[in-house]
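Residues per chain are reported as follows:
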Amino acid sequence: MSDKATDLFASPCCKAKLTRQETRLECVACGHPYAVEDGLFKFTTGTSSHGEFSSEEMAELLKLAKTDGWKSALERYIRPRRPRAVQLLTDPRRYNSIEPLKAVKNGRVLDFGCGLGGVSLALATAFEEVVALDGSEDRVSLLNVIRREENLDNIVPVCHIDPANLPFPDSHFDAVLLIGVLEYLPQSLPDDTVEAAHEKCLKEFHRILRPGGSLLIHTKNRFGWQYWLGERDHSGLRFAPILPVSLTDLIARTVKGRPYRIINYSGGGYRKLMRKAGFDSVALGWPVPGYQTPDYLLSLEGRMLGELRKIAPDYHSIGKRLALHALGLTGLLRYVVPHYSVMATKRR
Ligand SMILES: [Zn+2]
């Protein structure tokens with residue numbers, strides 16, 4: 001029996017084709033089964049610790065969404081506890097973060113590490129097919145409830161944890177999107193160094209993209225001005241990202257008792273990483289004020305002053321505007337913006 005699902009996936013175990021059985025997919029090469037439940041494809045099951053809610057909270061939230069509808073759960077459960085999560089799910093500015101993909105819209109896109117699914121919901125209005133993948137089963141389950149209620153049949157929810165072995169055939173997607181996800185990938189590959197883990201994962205994204213397809217990453221800049229001003233990074237340390245990684249690792253092991261593995265790169269570092277993974281052209285941008293709900297997405301590839309004019313005059317105080325223009329004029333701005341969008345293309 002062949003259907004849409006068997007064309008959509010390849011087994012993560014041997015990259016062989018899958019056949020559809022009643023409530024599961026099966027690898028034709030080794031017979032490994034993968035569950036399908038209410039339209040949710042489960043290549044792995046379980047929860048991951050990242051995210052807005054604890055696993056207990058997610059279970060409560062999911063139950064409420066299933067019984068009373070997701071909008072009721074949004075108002076009664078999410079809004080009083082995590083107003084920011086309401087924004088991540090419903091803010092129309094989430095659409096701005098996918099603007100660079102407009103050229104390839106109407107195609108098939110993978111939202112890797114989709115979390116609660118705010119970006120997948122935005123993508124569903126522009127793309128023919130949106131594969132929304134996350135390592136946390138309860139989060140994709142919530143998106144599955146939303147998708148059903150909103151009749152968004154073009155969203156395919158997938159639970160899968162291993163970023164270096166994806167359940168998709170070669171040259172499958174027109175675009176792959178990672179928003180605030182890249183830095184966490186090495187945590188799924190504890191035996192590799194951070195750079196080796198990133199390279200492995202990026203090569204895997206390269207494999208599943210069609211020639212000419214785009215990888216769009218939104219992430220932090222390790223030399224972003226927030227860190228020079230003392231903002232704590234993922235590990236809870238101040239000034240850690242701007243120090244040499246080996247030194248930060250030593251500090252993290254001493255102070256926090258664990259290695260330093262959630263790391264970001266400089267703009268040049270991202271370019272190098274993409275090229276090593278086989279990508280062709282790389283273009284950097286700056287989501288303003290940040291990648292989660294950007295008002296603007298400015299290009300960092302040309303003259304910055306022209307780009308800064310796109311920001312509404314009342315957007316920043318006069319002091320901040322002067323500082324921005326000074327950084328733009330000296331050419332420093334592209335090195336110290338807090339967040340980057342990294343758009344890489346697979347050679348045709
Ligand atoms: Zn197999």
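Before any of the text, the structure's been laid out above.
So, here is what we can say about the structure in this document.

Cut-offs applied
Residues numbered from 1 in each chain as written. Predicted model: local features only at pLDDT ≥ 70, side-chain atom pairs only at ≥ 80, totals over all residues. Heavy atoms only, no water. Patch = residues over 30% accessible without salt bridge, like charges linked within 9 Å, V, L, I, M, F, W, Y side chains within 5 Å. Areas by Shrake-Rupley, 256 points an atom, 1.4 Å probe, with all protein chains shown as cover. Salt bridge = Lys/Arg side-chain N within 4 Å of Asp/Glu carboxyl O. Lys, Arg positive; Asp, Glu negative; His and termini not counted. Charge placed at Lys NZ, Arg CZ, Asp CG, Glu CD. Helix = DSSP H or I, 4+ residues; strand = E, 2+ residues; numbered from the N terminus. Buried < 20%, exposed > 50% of the residue type's maximum accessible area, 1.4 Å probe, protein only. Pairing = 2+ DSSP bridges. Right-handed = clockwise from strand over helix to strand, strands pointing away. Core = buried A, V, L, I, M, F, W, Y, C linked by side-chain atoms within 4.5 Å. Contact = heavy atoms within 4.5 Å. Axes fitted to C-alpha atoms, helices over the stretch in contact; angles between N-to-C directions. Parallel < 35°, antiparallel > 145°, perpendicular 65-115°, else oblique. Left-handed = near helix turned anticlockwise from the far one by under 90°. Phe/Tyr/Trp six-rings, centres within 6.5 Å; stacked < 30°, edge-to-face > 60°. Donors = N, O, S within 2.8 Å, 3.2 Å for Na, K, Ca; no water. Tetrahedral: all angles 85-135°; square planar, octahedral: opposite > 155°, others 65-115°.

Here we look at a positive patch on the surface
Line of reasoning, step 1. Residues Arg232, Arg238, Lys256 and Arg258 make up a contiguous surface patch of positive charge.
Line of reasoning, step 2. Following the sequence through the fold, Lys256 ends up in the loop between helix H9 (245–255) and helix H10 (267–276).

A short note on the pairing of strand E7 (residues 155–159)
Side chains on a regular strand alternate between the two faces of the sheet.
Line of reasoning, step 1. In terms of burial, E7 is largely enclosed, as 5 of its 5 residues are buried.
Line of reasoning, step 2. The two faces of E7 match: Ile155, Pro157 and Cys159 on one face and Val156 and Val158 on the other face are all buried.
Line of reasoning, step 3. Relative to E7, strand E4 (residues 40–42) runs parallel, the two being bridged by 2 bridges. Looking at E7, one finds that Phe41 is bridged to Val158.
Line of reasoning, step 4. When strand E6 (residues 129–134) meets E7, the two strands line up parallel, connected through 5 bridges. Across the sheet, the residue bridging to Val131 is Val156, located in E7.
Line of reasoning, step 5. Handedness of the E6-helix H6 (residues 137–149)-E7 crossover: right-handed.

Side note on the nonpolar core
Line of reasoning, step 1. Within the largest apolar cluster, 64 residues are counted, with the highest numbers of intra-cluster contacts made by Phe9, Leu178, Phe205 and Leu215.
Line of reasoning, step 2. Top element by residues in this core is helix H7 (residues 194–208). It accounts for 6 residues.
Line of reasoning, step 3. Other than its neighbours up to four places away in sequence, Phe205 contacts Phe112, Leu166, Val176, Leu178, Leu185, Leu215 and Phe279.
Line of reasoning, step 4. One finds Leu61, Val86, Cys159 and Tyr291 within the second-largest nonpolar core, a separate group that totals 42 residues.

Quick notes on the packing of H7 against H10
Line of reasoning, step 1. For the pair H7 and H10, interaxial distance at closest approach is 9 Å and the crossing angle is 55°. If you check the angle between H7 and H10, you find them oblique. Crossing hand, H7 versus H10: right-handed. For the pair formed by H7 and H10, the contact residues are Glu195, His198, Glu199, Leu202 and Lys203 on the first element and Leu273, Met274 and Lys276 on the second.

Describing a nonpolar patch on the surface
Line of reasoning, step 1. Taken together, the side chains of Leu247, Leu250, Ile251 and Val255 define a hydrophobic patch exposed on the protein surface, amounting to about 340 Å² of accessible area.
Line of reasoning, step 2. Topologically, Ile251 is positioned in helix H9.

Quick notes on the side chain of Ser120
Line of reasoning, step 1. Assignment of secondary structure puts Ser120 in helix H5 (residues 118–123).
Line of reasoning, step 2. The contact partners of Ser120, leaving out residues within four places of it in the chain, are Asp111, Cys114, Val130, Ala132, Leu143 and Ile155.

Digging into the packing of aromatic side chains
Line of reasoning, step 1. Per the counting criterion, the structure on display carries 12 aromatic pairs.
Line of reasoning, step 2. On the basis of an interplanar angle of 55° and a centroid distance of 5.0 Å, the ring pair of Phe9 and Phe43 is categorised as tilted. A residue pair is termed long-range when its members are at least 10 positions apart, and Phe9 in the loop between helix H1 (4–8) and strand E1 (18–20) and Phe43 in the loop between E4 and helix H2 (55–68) qualify at 34 residues. Each of the two residues, Phe9 as well as Phe43, counts as buried.
Line of reasoning, step 3. Centre to centre, the rings of Tyr265 and Tyr270 are 5.5 Å apart; their planes meet at 65°, and the pair counts as edge-to-face.
Line of reasoning, step 4. Relative accessible area serves as the criterion here: at 8%, Tyr265 is assigned to the buried category.

Details of the coordination of the zinc ion
Line of reasoning, step 1. Looking at the metal site, the zinc ion is ligated by Cys13 (SG), Cys14 (SG), Cys27 (SG) and Cys30 (SG), spaced 2.1 to 2.3 Å from it.
Line of reasoning, step 2. Considering all 4 donor atoms around the zinc ion, the spread of angles at the metal, 103 to 117°, places the coordination shape in the tetrahedral class.
Line of reasoning, step 3. Here the donor residues for the zinc ion map to a single chain with the spacing C-C-x12-C-x2-C. Placement of the pair is Cys14 in the loop between H1 and E1 and Cys27 in strand E2 (residues 24–27), with a sequence separation of 13 residues.
Line of reasoning, step 4. On the basis of relative accessibility, which here comes to 2%, the residue Cys27 falls in the buried class.

Observations regarding the pairing of strand E10 (residues 282–288)
Line of reasoning, step 1. The buried count for E10 comes to 6 of 7 residues, which makes it a mostly enclosed element.
Line of reasoning, step 2. Where E10 lies against strand E11 (residues 296–299), 4 bridges are found, and the strand directions are antiparallel. Residue pairing in the sheet places Trp286 in a bridge with Leu298 of E11.

Honestly, it's all geometry; don't read function into it.
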